[in-house]
Amino acid sequence: MTEMVAPAESGERKLYARKTSGLIRTIGVFGAMVFGVHCISLSSSGLIPYSWIAGVWPGSSIIGVLTVAAVFCLFHAYTYATIGATMPRSAADYTLASRVLSPPLAFAASWTLVIFSAMVAGSLIAWIPLVALPTLTRSMGIIFSNPSLVSFADWSASSTGIFVIGTICAVITFLTMILPTRTIVRILEVGFFLGLLAWVILYFQLGTASPDAFPAAWDRFMGAGSYEGRIALAQQNGMVINPNVAIMTLAGLIMGFWVFYGYYIPTFFAGEVKQAETTLLTGSWSSLIVTWAIFVLGALLLQRLVPLEWIAAESFLGQTPAAGVTAMPWITFYAAILSPSFPLVLIVAIAWIYTLINLAQTYFFYCSRIIFAWSFDRLIPEAVCWIHPTLRSPIWAILIISVVAEVGIIDSSGLLWAGSVMGAQLNFVFFAVVTMFVPVIAITLFPYLKPDLYQNASAMVRRKLGSVPLITVVGCITLAYMVWMVIASFLYPAVGGGINATKLAVLAGLIITGLAVFYGARAYRLSREGIDINWTFQSVPPV
Amino acid sequence: MGMTRILYASDFHGSEVAFRKFLGAALQYKADALVVGGDVTGKAMIPIKHQGGGRYDAHLFGRRETPSSPEELAGLLKTISNVGFYPIILEPEEAGELEADEHKMGQRFEREMIERVRLWMTLAEETLSPKGIHLYFMPGNDDLYSIDAAIEGFSHVHNPDARRFALDDDHELVGVSQANMTPWKCARDTEESELAARLDQAVALLQAPERSVMVIHVPPFDSGLDVCPELDENLKIVHRGGQVLMKPVGSSAVRVAIEKAQPLLTLHGHIHESPGHTRIGRTLCVNAGSEYAEGILKAAIINLERDRVKGHVLISA
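If you're wondering where the values come from, they're calculated on a predicted model, not measured in any experiment. (Residues numbered from 1 in each chain as written. Chains lettered and ligands numbered in written order. Predicted model: local features only at pLDDT ≥ 70, side-chain atom pairs only at ≥ 80, totals over all residues.)

Novice: What is the right way to look at the overall build of chain A in this model?
Specialist: A tally of helices and strands in chain A yields 21 helices and three strands. Taken over the C-alpha trace, chain A has a radius of gyration of 24 Å; the compact-globule value for 543 residues is 24 Å, and the two agree within 12%. Sorting the 543 residues of chain A into buried and exposed places 56% on the buried side. Relative to all contacts within chain A whose residues are 6 or more apart in sequence, the contacts with residues 24 or more apart total 82%. (Helix = DSSP H or I, 4+ residues; strand = E, 2+ residues; numbered from the N terminus. Rg over C-alpha atoms; globule rule 2.2 N^0.38 Å. Buried ≥ 20, exposed ≤ 12 C-beta atoms within 10 Å, placed from the backbone. Contact = placed C-beta atoms within 7 Å.)

In structure tokens, the structure reads:
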């Protein structure tokens with residue numbers, strides 16, 4: 001709690017604090033913004049707008065999707081900041097929902113979110129062999145006429161390559177996450193500035209090219225005539241551009257949410273944030289606005305050189321292996337061919353690989369915090385959260401997350417069953433949104449379901465719009481956004497990432513296993529220890 | 001034998017609602033004994049300045065409050081008390097006098113703290129004595145020694161600091177309120193060597209340490225129960241890459257004492273951000289944490305059998 005500043009006039013002080021009060025200053029907004037940007041990711045989310053949105057929903061506007069999504073995400077961020085302000089502790093969403101709505105439902109939702117988060121961390125790691133390494137080695141192979149580098153690029157993006165290199169990267173992520181926290185945050189700090197540097201280079205490469213330079217640059221590296229034939233090729237393979245830009249933009253909001261996913265992650269460790277109500281909201285909003293600006297500027301510079309229809313075609317071909325062409329729908333590649341400077345390409349590729357590891361680390365970090373909250377509530381064995389005495393890290397928890405991430409890598413590789421990186425991430429958005437209904441409904445109804453707690457909450461939580469609690473209004477807008485994303489998944493299934501009966505069965509299965517874990521843990525604690533886990537979730541009236 | 005259920009909490013820091021919830025929890029969870037582990041007094045007074053005509057002016061968490069009716073004033077007094085502060089109603093000239101005289105300010109603080117503790121003890125006695133439940137209410141490093149007197153004189157409320165009590169037929173309770181030195185040099189902060197001596201004296205009171213409960217305000221060093229944000233020389237939180245850096249700040253003397261005596265259970269507070277439990281040898285060590293300012297009671301429910309801790313859970317109510 002911060003001591004208020006006292007004016008100098010006698011009799012004008014607002015608070016008389018004891019000298020030994022222990023009041024300390026709070027973390028700044030910049031710190032919270034940095035983590036949000038890391039989790040949004042300047043690398044993976046830096047690729048998605050130009051590589052997927054346009055082609056997965058042909059006819060959508062990249063800038064439109066980014067902007068409309070960002071606006072709705074501001075409401076979603078406000079909702080989650082309020083969740084963190086109301087329950088400033090680990091896994092604030094699960095903690096709030098379990099205390100306000102339903103403990104078993106809140107746990108099952110949290111359980112599902114963590115498992116899918118770990119899996120999608122794996123799919124994000126899989127981007128390294130799928131995109132980052134091939135971009136670097138293919139560019140080098142072409143520029144220096146080295147066929148073996150081009151072959152390596154092909155192998156890296158193959159199922160085997162994704163599995164092997166992805167596993168190596170998962171091991172690296174695991175080993176970095178068991179290091180002391182100080183070391184981990186240094187690693188994240190370096191990644192933040194590397195990511196910004198990479199974007200400066202991309203802006204330079206795109207911004208300094210003449211408006212008609214792209215077709216020739218493309219043909220130089222991808223083959224004569226390749227540029228001209230791209231749109232027709234995509235249409236031959238099934239691309240149909242929906243002329244209704246507005247509808248396609250709305251359809252693309254699910255990907256827009258995925259682009260910005262991460263701004264609200266600090267809510268999962270709200271217990272470590274001082275003055276949570278200010279820090280969480282300003283941090284999440286600023287990380288949203290900063291990344292929106294970065295990605296929109298990238299879109300403006302790219303669309304100065306290449307029409308949106310062509311970008312859509314290349315993106316579509318990237319999701320259509322049956323087309324039998326090497327598609328390179330990556331902004332890093334577009335920039336590299338315009339300005340094929342080996343040092344610049346190398347820096348961008350290194351930054352991309354490095355920040356993709358950072359991104360996986362943030363997922364591992366917040367998953368471990370949520371797992372800690374479960375252990376705190378005695379829902380999972382304490383041994384899972386054992387802290388190594390020297391490394392000061394929860395090794396077993398991180399190992400479990402790593403194993404699940406490896407499943408995500410295998411899924412993304414398509415090695416053992418039909419899967420894909422993009423499919424995993426689109427599925428994650430659908431599944432994450434479904435699980436979010438529980439905490440978002442909880443906070444929306446919080447003023448009415450727990451009026452005593454609401455009255456004691458911070459001023460930010462108790463803000464009103466007229467006579468209606470503001471969080472109820474914002475929560476309803478957030479719910480509407482989430483409902484649309486679920487509906488859009490069925491009405492406008494994304495190319496390569498639609499929701500089918502199997503995926504729904506997986507979702508249901510995870511929720512059911514979460515419920516089983518909850519009730520099993522309760523029965524065990526009651527019989528062995530005389531402790532009812534439900535006590536953790538009960539209100540206590542003051543005497 | 002049967003089971004003894006302990007309800008433990010600490011670091012109320014003057015929060016009226018937290019303490020009242022603590023008493024309510026005792027009845028809700030059918031506790032046999034209540035233990036409070038220290039830091040019971042608030043950190044600040046909020047002046048509520050009379051503006052004349054029944055109107056008042058105050059500031060709480062950066063927001064101006066202007067109650068103009070007895071009901072509004074009562075509501076503000078309650079809100080201030082619930083977050084652990086002491087509301088004091090002053091005429092404008094009184095406020096000026098108080099701010100000009102540091103000694104007078106200190107005396108007023110002390111009076112408010114003692115008054116609230118005594119009210120709490122009276123409420124506890126009224127609530128618990130009909131049920132035969134005893135409250136062991138120990139101050140902490142942040143509490144002045146003068147509040148100890150406010151805990152005396154009750155039949156069902158006791159101060160276990162440097163004293164031994166029988167929790168039941170099988171378990172003893174002893175307490176140590178001091179802590180190792182903090183940056184704020186609180187009332188009961190002391191050097192590790194002095195703390196070690198006090199711990200030895202407390203252990204010496206026990207007849208069967210292996211079945212005892214020790215309530216020691218400061219947690220053992222590097223136990224996971226003593227981790228808090230690292231501060232720089234300006235008492236500002238250190239952060240890197242968007243992360244708050246954390247460090248252990250518990251007492252090594254406490255750790256050594258637990259390793260030597262190996263009581264059944266130790267109860268700690270002091271570090272609000274580190275609720276949880278750990279084992280040092282056979283001893284279960286618990287820190288309930290604290291979120292008093294948010295009106296949330298953080299407590300531990302611990303079931304004891306003769307020679308073991310049967311089970312425990314941490315609650316946030």
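Novice: It is not clear to me how the sheet that holds strand S9 (residues 164–166) of chain B should be interpreted in this structure. Could you clarify?
Specialist: Through backbone hydrogen bonds, the strands of a sheet pair up, either in parallel or in antiparallel fashion. Residue and element names in this part refer to chain B. Taken in spatial order, the six strands line up as S9-S10-S13-S18-S20-S19 in an open sheet, and their pairing is mixed. Of all the strands in the sheet, just S9 and strand S19 (276–280) have a single pairing partner and so form its edges. Between one strand axis and the next, the sheet turns by 20° as a mean value, whatever way the strands run. As paired strands, S19 and strand S20 (residues 283–287) are joined by five bridges and run antiparallel to one another. By the bridge assignment for S20, Ile 280 is matched with Thr 283. (Pairing = 2+ DSSP bridges. Axes fitted to C-alpha atoms, helices over the stretch in contact; angles between N-to-C directions.)

Novice: What am I meant to see in the domain arrangement of chain B here?
Specialist: Put simply, an interface is often sized by how much accessible area is lost when its parts join up. Residue and element names in this part refer to chain B. Considered domain by domain, chain B is made up of domain 1 (4–43 + 111–316) and domain 2 (45–104). Distance from the C-alpha centre of domain 1 to the C-alpha centre of domain 2: 31 Å. Each partner contributes residues to the interface: domain 1 has 12 residues there, and domain 2 has eight residues. Contributing elements (two or more residues each) for the side of domain 1 that touches domain 2: helix H1 (16–28) and helix H4 (102–128). Of the residues that constitute the side of domain 1 that touches domain 2, the class distribution is three nonpolar, five polar and four charged. (Domains from an automatic or database assignment. Nonpolar A, V, L, I, M, F, W, Y, C, P; charged D, E, K, R; others polar.)

Novice: Explanation requested: unusual backbone geometry in the structure shown.
Specialist: If a residue is not glycine, its phi is most likely negative; likewise, a peptide bond is most likely trans. All names here are of chain B. Here the phi dihedral of Lys 30 falls at roughly 55°; this positive angle occurs in a residue that is not glycine. With respect to the helices and strands, Lys 30 occurs in the loop between H1 and strand S2 (33–37). Phi angles above zero are rare outside glycine, and His 270 is one such case at about 75°. Looking at the element boundaries, His 270 is found in the loop between strand S18 (265–268) and S19. Among the residues examined, His 270 registers 29 C-beta atoms within 10 Å and is labelled buried.

Novice: Looking at this structure, I do not really get the pairing of strand S6 (residues 86–90) of chain B. What am I missing?
Specialist: For a regular strand, side chains alternate in direction, first toward one face of the sheet and then toward the other. Residue and element names in this part refer to chain B. Only one face of S6 is buried, namely the one carrying Tyr 86, Ile 88 and Leu 90, since none of Pro 87 and Ile 89 on the opposite face is buried. Relative to S6, strand S3 (residues 44–52) runs parallel, the two sharing five bridges. In the strand pairing of S6, Lys 49 is matched with Leu 90.

Novice: Would you take a moment to explain the packing of helix H5 (residues 192–204) of chain B against helix H6 (residues 252–261) of chain B for this structure?
Specialist: All names here are of chain B. At a minimum axis separation of 8 Å, H5 and H6 run at an interaxial angle of 30°. Compared by their axis directions, H5 and H6 come out roughly parallel. As H5 runs across H6, the sense of the crossing is right-handed. Residues Glu 192, Leu 195, Ala 196, Leu 199 and Val 203 of H5 touch H6, and the partners they reach there are Ser 252, Ala 253, Val 254, Val 256, Ala 257 and Ala 261. The class makeup of the residues in the contact of H5 with H6 is nine nonpolar, one polar and one charged. (Parallel < 35°, antiparallel > 145°, perpendicular 65-115°, else oblique. Left-handed = near helix turned anticlockwise from the far one by under 90°.)

Novice: Explanation requested: the sheet that holds strand S7 (residues 134–138) of chain B in the structure shown.
Specialist: All names here are of chain B. Across the sheet, which stays open at both edges, the six strands sit in the order S8-S7-S2-S1-S21-S22 with mixed pairing between neighbours. In this open sheet, the two edge strands, each paired with only one partner strand, are strand S8 (157–158) and strand S22 (309–316). One ladder, built from five bridges, connects S2 with S7; its direction is parallel. What sits directly across from Ala 33, in S7, is His 134. With respect to the sheet, H1 is in contact with strand S1 (4–9), S2 and strand S21 (298–304), its orientation differing from that of S1 by roughly 165°.

Novice: How should I be thinking about the nonpolar core in this particular structure?
Specialist: For soluble globular proteins, nonpolar side chains are generally found buried alongside one another. Counting 279 residues, the largest nonpolar core has Ile 125 and Leu 356 of chain A together with Tyr 8 and Ala 299 of chain B as its most contacted members. The biggest single contributor to this core is helix H5 (residues 103–143) of chain A, with 24 residues. Two domains each donate at least three residues to this core, and these are domain 1 (4–43 + 111–316) and domain 2 (45–104) of chain B. In this structure, Tyr 8 of chain B is in contact with Val 35, Gly 37, Leu 267, Val 286, Ala 288, Ala 299, Ala 300 and Ile 302 of chain B, ignoring residues within four places of it in sequence. (Core = buried A, V, L, I, M, F, W, Y, C linked by C-beta atoms within 7 Å.)

Novice: I would appreciate a short explanation of the pairing of S18 of chain B in the present structure.
Specialist: Residue and element names in this part refer to chain B. Residues Leu 265 and Leu 267 of S18 are buried on one face, and the alternating residues Thr 266 and His 268, pointing to the opposite face, are buried as well. For strand S13 (residues 213–216) and S18, the ladder comprises three bridges, and the chain directions are parallel. Looking at S18, one finds that Met 214 is bridged to Thr 266.

Novice: Which parts of the structure should I look at to understand the environment of Leu 199 of chain B?
Specialist: Residues and elements named next belong to chain B. Residue position: Leu 199 is located in helix H5. Separated by 174 residues in the primary sequence, Leu 199 and Ala 25 place their C-alpha atoms 30 Å from one another. Once residues within four sequence positions are removed from consideration, Leu 199 is found in contact with Val 176, Ala 253, Val 254 and Ala 257.

Novice: Looking at this structure, I do not really get H5 of chain A. What am I missing?
Specialist: Residues and elements named next belong to chain A. Taking 1.5 Å per residue, 41 residues should reach 60 Å; H5 reaches 58 Å between its end C-alpha atoms and fits that length. Roughly 40° is the biggest bend found in H5, and it falls at Pro 134. In terms of burial, H5 is largely enclosed, as 36 of its 41 residues are buried. In the stretch just after H5, Ser 145 is the one whose phi turns positive, near 50°. (Expected span 1.5 Å × (residues − 1). Bend = angle between axes of the 7 residues up to and from the residue.)

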